[in-house]
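Chain and residue survey
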Amino acid sequence: MIAVGELGKEIAAGARAQGMNPEHIYICATREEAIRQARAILSDFQGGSWVLLKGSRGMKMEEVTEGLLK
């Protein structure tokens, strides 16, 4: 899980509280940082892996999608 921004910290805290492994939770300050982190994580996966992006238009998630597709 990659959470972005101040509200992302709250989402990450909720994920930890519900039992998600803290080693699988990353908090990034910016979309650009999130893209770099996602690329690093995805480099360990084989083809055919799925990625779920969840966010708002206000957070400009389409920029994250475009960044990952490059």
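Structure: above.
Heads up: these notes are all about the structure in this document. (Residues numbered from 1 in each chain as written. Predicted model: local features only at pLDDT ≥ 70, side-chain atom pairs only at ≥ 80, totals over all residues. Heavy atoms only, no water.)

**Description of a nonpolar patch on the surface**
Spelled out, the test is: Residues forming no salt bridge and having over 30% relative accessible area are the ones grouped into patches, like charges within 9 Å of each other and nonpolar side chains (Val, Leu, Ile, Met, Phe, Trp, Tyr) within 5 Å. Note on areas: Shrake-Rupley, 1.4 Å probe, and residue coverage restricted to the protein chains presented here. Any carboxyl oxygen of Asp or Glu that lies within 4 Å of a side-chain nitrogen of Lys or Arg is treated as forming a salt bridge with it. Helix and strand definitions here come from DSSP, where helices need a minimum of 4 consecutive H or I residues and strands a minimum of 2 consecutive E residues; each element is numbered from the N-terminal end.
A cluster of nonpolar residues, Leu-42, Phe-45, Val-51 and Leu-53, forms a patch on the protein surface that exposes about 320 Å² of accessible area. Relative to the helices and strands, Phe-45 is located in the loop between α2 (31–42) and α3 (61–69).

**Topic: the pattern of salt bridges**
Here is the rule we go by: Exposure classes here rest on a 1.4 Å probe applied to the protein chains alone. A residue is buried below 20% of its type maximum, exposed above 50%, and partly exposed in between.
This model, assessed by the stated rule, comprises two salt bridges. The salt bridge partner of Lys-9 is Glu-6, with a shortest N-O separation of 3.2 Å. Here the residue Lys-9 and the residue Glu-6 both occupy positions in helix α1 (residues 5–17), the gap between them amounting to three residues, near one helical turn. Lys-9 sits in the partly exposed class, given a relative accessible area of 40%.

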